[in-house]
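Structural overview for review
Okay, here's what each chain looks like letter by letter:
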Amino acid sequence: MKKTIIICTILFCSTYLNAQVQFIQSGRIEFEKRVNQHAPILDEGENMWNVEILKQIPKFVSDIYELKFTSDKSVFKLAKENPNNKYMWGTKPVDTDVSMQDFKKGISISQKEVFENTYLIKDSSRTWEWKIAEETREIAGFECRKAVTKICDSVYVVAFYTDQIPVSAGPESFGGLPGMILGLAVPRLNTTWFATKLELVTPTVGELNVKQKGKQIGRTQLTTELSKALKDWGKEGARKMWVAQL
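Residues numbered from 1 in each chain as written. Predicted model: local features only at pLDDT ≥ 70, side-chain atom pairs only at ≥ 80, totals over all residues. Heavy atoms only, no water.

Re the overall build of the protein chain
Regarding its fold elements, the protein chain presents five helices and 12 strands. Looking at the protein chain as a whole, 42% of its 246 residues are labelled buried. Taking the intrachain contacts of the protein chain between residues at least 6 apart in sequence as the baseline, contacts between residues at least 24 apart amount to 57%. (Helix = DSSP H or I, 4+ residues; strand = E, 2+ residues; numbered from the N terminus. Buried < 20%, exposed > 50% of the residue type's maximum accessible area, 1.4 Å probe, protein only. Contact = heavy atoms within 4.5 Å.)

Some remarks on the pairing of strand β5 (residues 107-114)
Within a regular strand, side chains alternate between the sheet's two faces. Burial within β5 is extensive, with six of its eight residues counted as buried. With five bridges joining them, strand β4 (residues 98-102) and β5 adopt antiparallel strand pairing. From the neighbouring strand, D102 faces β5, where its bridge partner is I107. Joining the antiparallel neighbours β4 and β5 is a turn of four residues, in which G106 adopts a positive phi near 70°. Bridge count between β5 and strand β6 (residues 117-124): eight bridges; the pairing is antiparallel. (Pairing = 2+ DSSP bridges.)

Focus on the packing of aromatic side chains
A full pass over the atoms with the stated rule returns five aromatic pairs. With centroids separated by 5.4 Å and ring planes inclined at 10°, the aromatic side chains of Y65 and F76 adopt a geometry described as stacked. In this pair, Y65 sits in strand β2 (residues 60-69) while F76 sits in strand β3 (residues 73-80), placing the two residues 11 residues apart along the sequence. Assigned by exposure class, Y65 and F76 land together as buried. Both rings, one in W128 and one in F174, keep their centres 4.4 Å apart while their planes meet at 25°; by these two values the pair is stacked. In this pair, W128 sits in the loop between β6 and β7 (131-139) while F174 sits in the loop between β9 (155-162) and β10 (180-186), placing the two residues 46 residues apart along the sequence. Given a relative accessible area of 10%, W128 falls into the buried group. The class for F174 is buried, based on a relative accessible area of 0%. An aromatic cluster of at least three residues, connected via ring pairs, comprises F31, Y65 and F76. We note R34 situated over the ring of F60; from NZ or CZ to the ring centre the distance is 4.1 Å. Seen from the ring of F160, R137 lies directly overhead, with NZ or CZ sitting 5.3 Å from the centre. (Phe/Tyr/Trp six-rings, centres within 6.5 Å; stacked < 30°, edge-to-face > 60°. Lys NZ or Arg CZ within 6 Å of the ring centre and 35° of its normal.)

Here's the deal with the pattern of salt bridges
A complete count under the given rule lists 15 salt bridges for this structure. For E225, the salt bridge identified is with K215, shortest N-O distance 2.8 Å. Placement of the pair is E225 in helix α4 (residues 219-229) and K215 in strand β12 (residues 215-217), with a sequence separation of 10 residues. A relative accessible area of 43% places K215 in the partly exposed class. Several salt bridges converge on common partners, so that one network encompasses R28, E30, E66, K68, K77, K197, E199 and E207. (Salt bridge = Lys/Arg side-chain N within 4 Å of Asp/Glu carboxyl O.)

Quick word on unusual backbone geometry
Non-glycine residue A140 carries a positive phi angle of around 55°. Within the element layout of this structure, A140 appears in the loop between β7 and β8 (142-151). The phi dihedral of N190 falls on the positive side, at around 55°, and the residue is not glycine. Looking at the secondary structure, you find N190 in the loop between β10 and β11 (191-199).

Re the sheet that holds strand β1 (residues 27-36)
As summarised here, the arrangement of the 12 strands in space is β7-β8-β9-β10-β11-β1-β2-β3-β4-β5-β6-β12, forming an open sheet in which the pairing is mixed. Each end of this open sheet is capped by a strand with a single partner; those strands are β7 and β12. Ignoring which end each strand starts from, the neighbouring axes of this sheet average 25° apart. Sheet strands in contact with α4 are β5, β6 and β12, and its direction is about 145° off that of β6. (Axes fitted to C-alpha atoms, helices over the stretch in contact; angles between N-to-C directions.)

Note that every value here comes from positions in space, so none of it alone points to a role or purpose.
Take a look at the structure:
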């Protein structure tokens, strides 16, 4: 009798633990993108003009983005612009920007508006040199581990990913980690993306194949074009380049 009870208890515990470990293969994640608008102005130093600008615009603006994904594809785009935001030039979200990743084909396609030009950046999936750390934090109910990489050789990007969603994707065109990125920060852009909720829904084929347009270009060619166009823009030009590389 005691052996039967022990066996039943073990089976119950095993079933319970397996139920707790859910590996999510598809869904919709909402992200809050938050931008500190005052930081770039303060970097320029205090003067009468900058002081007046700081009085006119809020320090932070935030908007809601969404990432729809399956084990094969992901699509990241604006979901809801905050109507109460008062944007500084260059921080207003573009509702036509979209980043799409095809994991089976190993390609990424991003539509981005840069100044008055619309680019369709089509290339092989990006290779990120991540360094995984021991630090963890909880985001949207998931335990996430920290990882760090760089864009443009010197601009650090901090990510937090969870292996409970074994899909190598995240905000913008980021991925390449053993799980979904639920938190992202680019300190030099004063910008963060953090997941606020996950919906366990499977996106339709149409939702994962968003129509895109623009001047088709590769990432290397885009970098070359923007480097020439922004060479005399100073810090503002550097920030524009970094945004284009996300």
